[in-house]
There are 2 protein chains.
Amino acid sequence: MTQMQRQPNAARSQQTAREHVISLAERLLHPQSSHEQRLLEIVKTAAAVFRERGYEAGTLEDISQQLGMTRPALYHYVRSKQDILFLTINYLLDIALAELNELERQQDTRERLRSLIIHLITLIGRERSFFTVFFRDKAGLEEPYLSLIREKERAYVAAFRRAVREAMTAGMLPNIPEGIATQAILGCCNWTYQWLDPAGPVPLEQAAELIASFLVDPHPTHLAGKEDTSAAVASDGQGQ
Amino acid sequence: MTQMQRQPNAARSQQTAREHVISLAERLLHPQSSHEQRLLEIVKTAAAVFRERGYEAGTLEDISQQLGMTRPALYHYVRSKQDILFLTINYLLDIALAELNELERQQDTRERLRSLIIHLITLIGRERSFFTVFFRDKAGLEEPYLSLIREKERAYVAAFRRAVREAMTAGMLPNIPEGIATQAILGCCNWTYQWLDPAGPVPLEQAAELIASFLVDPHPTHLAGKEDTSAAVASDGQGQ
DNA sequence: CCTACCGATCGGTAGG
DNA sequence: CCTACCGATCGGTAGG
């Protein structure tokens, strides 16, 4: 890597800066060189720091100290604090989209929607720091990075929406506008980052399945004339 | 009032500063003097600024400029930026709790839960700035203010939980642990601050009712063999 | 990758 | 003496 730290705000540097961080982002999902692996460590540490203090209040000093390096040394890997925020959020979306693609192959309509819900909740539980930064500090992104993130976000929501549409058509969900139903379900899942403790009394997987059952009734009772929901009611536990 | 601005960090000053801002907060819901009314304007402007830029990035300069005053003039009303954040979030919770108390008188189990859901969603739509600051920047609160806010938050959640418990016992919700069901429903409602545009194509009230119908089935299909609930559905006034 | 710094801007406070 | 502020500047810290 050649050294280019000298002209941070020059016109041509702005363009290359964008290309630079995007090429970094693309390689971060599967880091190969030790340089890329170190960058991934920086991103993970940044997620923890930003989660704890927020993007604005969290400092590069916090990040570098946790990594045992000096603050100026960070500039060997990135060009700005903004770069780190982008890499952090982009890394999360890349993970989510990659895992999503595998789930979409699921054939059964109910199981596909259930899988998407359970996967999202467990992913949030596993990557709590990344999701907190994503949900809370996304607005701290400047253009064009914000647009890039929004595009990936839309792809994720679109997959959810397809599953919701099919489930609703099949009578597995109450019949309301599909966009609203999609956001309602996503809200249920996303909000778990605020309250569902992966180390809490209810195991993450189990909580995710309970929420999925809450949203997508195990029995298609929303279709007229269906009966026999007594099995679900029989397990009446007033727990928690 | 004797002048005490001299020792900002002295032990006794910390105590009076706390008492000072709490007494301000108590009077903000029903401002009487012109001084209190002006403080309320500051709080509302702060909510807009913090929503747009976040608590850390939003400056007192932004707030004072929008109000046509100088930044030092803000210190005639509050003692710190932190005070403003606390007053902002506390004001929102006081509004929410006051309106909640009226809704809890609702007798019918299904309608009470529906009312809580619809009320929360419409309140979020109306007070978008306050809720954004609350959800996103709450962690910026220091003690003891954070604990005061958490207590009011718990009271709000507890009311929701009571309504959820009754609805679940009556078979109007899928049977899962009531704490998880409560958070799932709250998540659905709270997340609307991220996507539900009060000026969007679907009117706020209507969207809120659709989401309520999505969460609490208009027909108690979760209880086995109950057919005679049609009377309750017929008699309830659908026209809020 | 460090030491040694910069331009700017922050929240908060002085005297009047 | 009170209220409602202003112009100027403080100490400290941010990203770079």
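The name an unreviewed UniProt entry assigns to chain A is HTH tetR-type domain-containing protein, from the organism Thermogemmatispora tikiterensis.

Give me the lowdown on the overall build of chain A, citing residues and values where you can.
If you tally the helices and strands in chain A, you get eleven helices and zero strands. The buried share among the 240 residues of chain A stands at 50%. Surface summary for chain A: the accessible area is close to 11700 Å², and the carbon and sulfur share equals 48%.

Could you give an account of the UniProt feature "domain: HTH tetR-type" (unreviewed entry) in chain A, with specific residues and numbers?
UniProt's feature table lists "domain: HTH tetR-type" (unreviewed entry) at residues 36-96 of chain A, given in the numbering used throughout. In the segment residues 36-96 of chain A, helix accounts for 67% and strand for 0%; the C-alpha atoms at its two ends are 20 Å apart.

Could you give me a rundown of the pattern of salt bridges, with the residues and numbers involved?
Per the counting criterion, the structure on display carries 24 salt bridges over all chains. With a closest N to O distance of 2.8 Å, E178(B) and R161(B) form a salt bridge. Remark: R161(B) occurs in helix α8 (residues 145-169) and E178(B) occurs in helix α9 (residues 178-190); sequence separation between them is 17 residues. The exposure class of R161(B) is partly exposed, given its relative accessible area of 27%. Beyond isolated ion pairs, a larger network of salt bridges with shared partners links R161(A), R165(A) and E178(A).

Talk me through the protein's contact with DNA strand D; I want residue IDs and the actual numbers.
The local shell around DNA strand D holds 14 residues, among which T59(A), R71(A), Y75(A), K81(A) and T70(B) are the closest. Restricting attention to atoms of DNA strand D within 4 Å of the protein, one finds that 64% of them are sugar or phosphate atoms. At 2.7 Å, a side-chain N or O of K81(A) approaches a phosphate oxygen of DNA strand D. Between DNA strand D and Y77(B), the relevant distance is 3.3 Å, taken from a phosphate oxygen to a side-chain nitrogen or oxygen of the residue. Of the residues assigned to the surface near DNA strand D, the class counts are six nonpolar, six polar and two charged.

So what about helix α11 (residues 204-215) of chain B? Which residues, and what values?
Residue and element names in this part refer to chain B. The first and last C-alpha atoms of α11 sit 17 Å apart over twelve residues, in line with the 16 Å expected at 1.5 Å per residue. Judged by how many residues are buried, α11 sits mostly within the fold: nine of twelve residues are covered. Where α11 is concerned, the buried positions are L204, A207, A208, L210, I211, A212, S213, F214 and L215.

Which residues make up the protein's contact with DNA strand C, and what are the values?
With respect to spatial proximity, 15 residues lie near DNA strand C, and among them T70(A), Y77(A), R71(B), Y75(B) and K81(B) are the closest. Each atom of DNA strand C within 4 Å of the protein was assigned to sugar, phosphate or base; sugar and phosphate come to 60%. Contact between DNA strand C and Y75(B): a phosphate oxygen at 3.0 Å from a side-chain N or O atom of the residue.

Go over the environment of F131(A) with me, naming the residues and quoting the values.
All names here are of chain A. Within the secondary structure layout, F131 lies in helix α6 (residues 128-137). Linking F131 and L29, residues 102 residues apart in sequence, is a C-alpha distance of 16 Å. When sequence neighbours within four positions are dropped, the list of residues in contact with F131 reads L92, L120, L123 and I124.

Kindly report on the environment of H119(B), identifying the contributing residues and their values.
All names here are of chain B. Relative to the assigned elements, H119 resides in helix α6 (residues 109-126). The spatial distance from the C-alpha of H119 to the C-alpha of I42 is 26 Å, given a sequence separation of 77 residues. Here E99 takes part through its side chain, which lies 2.4 Å from a polar atom of the side chain of H119.

Describe the packing of helix α4 (residues 81-103) of chain A against helix α7 (residues 145-169) of chain A, with residues and values.
When two helices pack together, their arrangement is given by the angle between the helix axes and the distance between those axes. Residues and elements named next belong to chain A. Interaxial distance between α4 and α7 falls to 10 Å at its minimum, and their mutual angle equals 20 degrees. Between α4 and α7, the crossing angle belongs to the class labelled roughly parallel. Judged by the twist between their axes, the crossing of α4 over α7 is left-handed. Within the contact between the two elements, α4 uses Q82, D83, F86, I89, N90, L93, D94, A96, L97 and L100 and α7 uses Y145, L148, I149, K152, E153, A155, Y156 and A159. Looking at the contact of α4 with α7 residue by residue, the class counts come to twelve nonpolar, two polar and four charged.

Explain the packing of aromatic side chains residue by residue, including any values.
Enumeration according to the criterion identifies 18 aromatic pairs over all chains in this entry. Aromatic side chains Y91(A) and F130(A) sit 5.5 Å apart centroid to centroid with 45 degrees between the ring planes, which places their arrangement in the tilted category. Placement of Y91(A) in helix α4 and of F130(A) in helix α6 is noted, with a sequence separation of 39 residues between them. Each member of the pair Y91(A) and F130(A) is classed as buried. Where F86(B) meets Y145(B), the ring centres are 4.9 Å apart and the plane angle is 40 degrees; that geometry is what we call tilted. One end of the pair, F86(B), is in helix α5 (residues 81-103); the other, Y145(B), is in helix α8, with 59 residues separating them in the sequence. Judged on exposure class, the residue F86(B) and its partner Y145(B) are both buried. Feature note: the residues F131(A), F134(A), F135(A), W191(A), Y193(A), F131(B), F134(B), F135(B), W191(B) and Y193(B) constitute an aromatic cluster, connected by ring pairs. Here K138(B) stacks its cationic end above the ring of F134(B), 4.9 Å away from the centre of that ring.

Before we move on, could you go through unusual backbone geometry and cite the residues and values that matter?
Omega for the peptide link from E143(A) to P144(A) comes to 5 degrees, which places this bond in the cis form. Mapped onto the elements of the fold, P144(A) is located in the loop between α6 and α7.

Quick rundown of the nonpolar core? Include the residues and the values.
Buried together is how nonpolar side chains tend to be arranged in soluble globular proteins. Grouped together as the largest cluster of nonpolar side chains are 157 residues, with contacts concentrated most on I117(A), L87(B) and I117(B). Leaving out residues up to four positions away in the same chain, I117(B) has contacts with F160(B), I185(B), C189(B), A212(B), L215(B) and V216(B).

Requested: an account of the packing of helix α5 (residues 109-126) of chain A against helix α10 (residues 204-215) of chain A, with residues and values cited.
Residue and element names in this part refer to chain A. Closest axis-to-axis distance for the α5/α10 pair is 9 Å, and the angle between their directions is 140 degrees. As for how α5 packs across α10, the hand of that crossing is right-handed. In this structure, α5 uses R114, I117, I118, I121, T122, G125 and R126 to contact α10, whose residues at the interface are L204, E205, A208, E209, I211, A212, S213 and L215. Among the residues making up the contact of α5 with α10, the classes are represented as eight nonpolar, three polar and four charged.

Definitions and limits used
- Residues numbered from 1 in each chain as written.
- Chains lettered and ligands numbered in written order.
- Predicted model: local features only at pLDDT ≥ 70, side-chain atom pairs only at ≥ 80, totals over all residues.
- Heavy atoms only, no water.
- Helix = DSSP H or I, 4+ residues; strand = E, 2+ residues; numbered from the N terminus.
- Buried < 20%, exposed > 50% of the residue type's maximum accessible area, 1.4 Å probe, protein only.
- Areas by Shrake-Rupley, 256 points an atom, 1.4 Å probe, with all protein chains shown as cover.
- UniProt positions renumbered as here; feature names shortened; annotations may be inferred.
- Salt bridge = Lys/Arg side-chain N within 4 Å of Asp/Glu carboxyl O.
- Near = heavy atom within 4 Å.
- Polar contact = N/O pair within 3.5 Å; in protein donor to acceptor, adjacent residues only side chain to side chain.
- Nonpolar A, V, L, I, M, F, W, Y, C, P; charged D, E, K, R; others polar.
- Expected span 1.5 Å × (residues − 1).
- Contact = heavy atoms within 4.5 Å.
- Axes fitted to C-alpha atoms, helices over the stretch in contact; angles between N-to-C directions.
- Parallel < 35°, antiparallel > 145°, perpendicular 65-115°, else oblique.
- Left-handed = near helix turned anticlockwise from the far one by under 90°.
- Phe/Tyr/Trp six-rings, centres within 6.5 Å; stacked < 30°, edge-to-face > 60°.
- Lys NZ or Arg CZ within 6 Å of the ring centre and 35° of its normal.
- Core = buried A, V, L, I, M, F, W, Y, C linked by side-chain atoms within 4.5 Å.

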